[in-house]
Amino acid sequence: MSETRRQSYSQKEKEKTFEKEFLPHIDSMYNFAYRLTFDEDDAKDLVQDTYLKAYRFIESFEKGTNAKAWLFRILKNSFINDFRKKSKQPSKVDYQEVETFYNSEDVDQSITTDLRIETVQDMIGDEISNALNSLDVDFRTVIILCDLEGFKYDEMAKILDIPIGTVRSRLHRARNLLKERLSDYAKKMGYKN
């Protein structure tokens, strides 16, 4: 059994490490969180939770190691824990509030006619993003970590807590799924094979 070496940080060292090692990755963290949650507010909450945990457990971070990979692992674990928690809760809708809104005279009748039009308008022209977002979370995660964030296979294995062979396998399958889903789009854009 390997024990996690704990660093001993003074308050000033904690702040310096947080500022120099962790904060530069906040944009990457947000992009990853957004790709997992598909919601700006949820992504911001997830990043905030990640940084809070990183600061709280900074003693388990070893100086000189990959801070970005450490943060991504915290974010991924937080996402999974939140996902499990939410999936066990039934969804809640206040039907009284909905009924009151739609029965009021203030409601704009044009928004109630056909919501499909608005949905389709948001999807047009964003084929790559839609194809990526349609992937299962395991496949989407490896694509984001490797192809968008530039992590190496061994770093991804540590972040996702899976063997490196599984990383390679998921990445291969994810890329093939993307290729399949984007083939028509590629042909329209003039690409062959």
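Residues numbered from 1 in each chain as written. Predicted model: local features only at pLDDT ≥ 70, side-chain atom pairs only at ≥ 80, totals over all residues. Heavy atoms only, no water.

Visitor: Mind showing me how you'd approach the overall build of the protein chain here?
Guide: From N to C terminus, the protein chain includes twelve helices and zero strands. Listed by position from the N terminus, the elements making up the protein chain come as α-α-α-α-α-α-α-α-α-α-α-α. Considering only residue pairs separated by 6 or more positions, the protein chain has 69% of its internal contacts joining residues 24 or more positions apart. Entry remark: accessible area of the protein chain is about 13,900 Å², with carbon and sulfur atoms responsible for 49%. (Helix = DSSP H or I, 4+ residues; strand = E, 2+ residues; numbered from the N terminus. Contact = heavy atoms within 4.5 Å. Areas by Shrake-Rupley, 256 points an atom, 1.4 Å probe, with all protein chains shown as cover.)

Visitor: Quick question: what am I supposed to make of the nonpolar core here?
Guide: General note: in soluble globular proteins, nonpolar side chains tend to be found buried as a group. In this structure, Phe22, Leu75 and Leu145 are the most contacted members of the largest nonpolar core, which totals 42 residues. Counting residues per element, the ones that place at least two in this core are helix H1 (11-22), helix H2 (26-37), helix H3 (40-56), helix H4 (67-87), helix H8 (127-134), helix H9 (137-148), helix H10 (153-160) and helix H11 (164-181). The element best represented in this core is H4, accounting for eight residues. When we break this core down by domain, the ones giving at least three residues each are domain 1 (11-86) and domain 2 (95-188). (Core = buried A, V, L, I, M, F, W, Y, C linked by side-chain atoms within 4.5 Å. Buried < 20%, exposed > 50% of the residue type's maximum accessible area, 1.4 Å probe, protein only. Domains from an automatic or database assignment.)

Visitor: Is there a simple way to think about the pattern of salt bridges in this case?
Guide: Two side chains of opposite charge can pair, provided their charged atoms sit close to one another. Per the stated rule, a full pass over the model turns up six salt bridges. Among the salt bridges present, the one from Asp147 reaches Arg175, with a minimum N-O distance of 2.5 Å. A residue pair is termed long-range when its members are at least 10 positions apart, and Asp147 in helix H9 and Arg175 in helix H11 qualify at 28 residues. (Salt bridge = Lys/Arg side-chain N within 4 Å of Asp/Glu carboxyl O.)

Visitor: Could you clarify how one ought to interpret the packing of H9 against H10 in this entry?
Guide: Packed helix pairs are specified by the crossing angle of their axes together with the interaxial distance, meaning the distance between the axes. Between H9 and H10, the shortest axis-to-axis distance is 10 Å and the interhelical angle comes to 135°. Classed by the angle they form, the pair H9 and H10 counts as oblique. Of the two possible hands of crossing, H9 and H10 adopt the one that is right-handed. Counted together, Thr141, Val142, Leu145 and Cys146 of H9 and Tyr153, Met156, Ile159 and Leu160 of H10 form the full contact between these two elements. Classifying every residue of the contact of H9 with H10 gives seven nonpolar, one polar and no charged. (Axes fitted to C-alpha atoms, helices over the stretch in contact; angles between N-to-C directions. Parallel < 35°, antiparallel > 145°, perpendicular 65-115°, else oblique. Left-handed = near helix turned anticlockwise from the far one by under 90°. Nonpolar A, V, L, I, M, F, W, Y, C, P; charged D, E, K, R; others polar.)

Visitor: What am I meant to see in unusual backbone geometry here?
Guide: With the exception of glycine, most residues fall at negative phi, and the peptide bonds are largely trans. Its identity as a non-glycine residue notwithstanding, Phe38 has a phi of 65°, on the positive side. Looking at where Phe38 falls in the secondary structure, it is placed in the loop between H2 and H3. With a phi angle near 60°, Asp161 is a residue other than glycine that sits in the positive phi range. Note on Asp161: relative accessible area 54%, which makes it exposed.

Visitor: Please explain the environment of Leu148 as it appears in this structure.
Guide: Here Leu148 shows up in helix H9. For the pair formed by Leu148 and Phe32, sequence separation is 116 residues and the distance between their alpha carbons is 9.0 Å.

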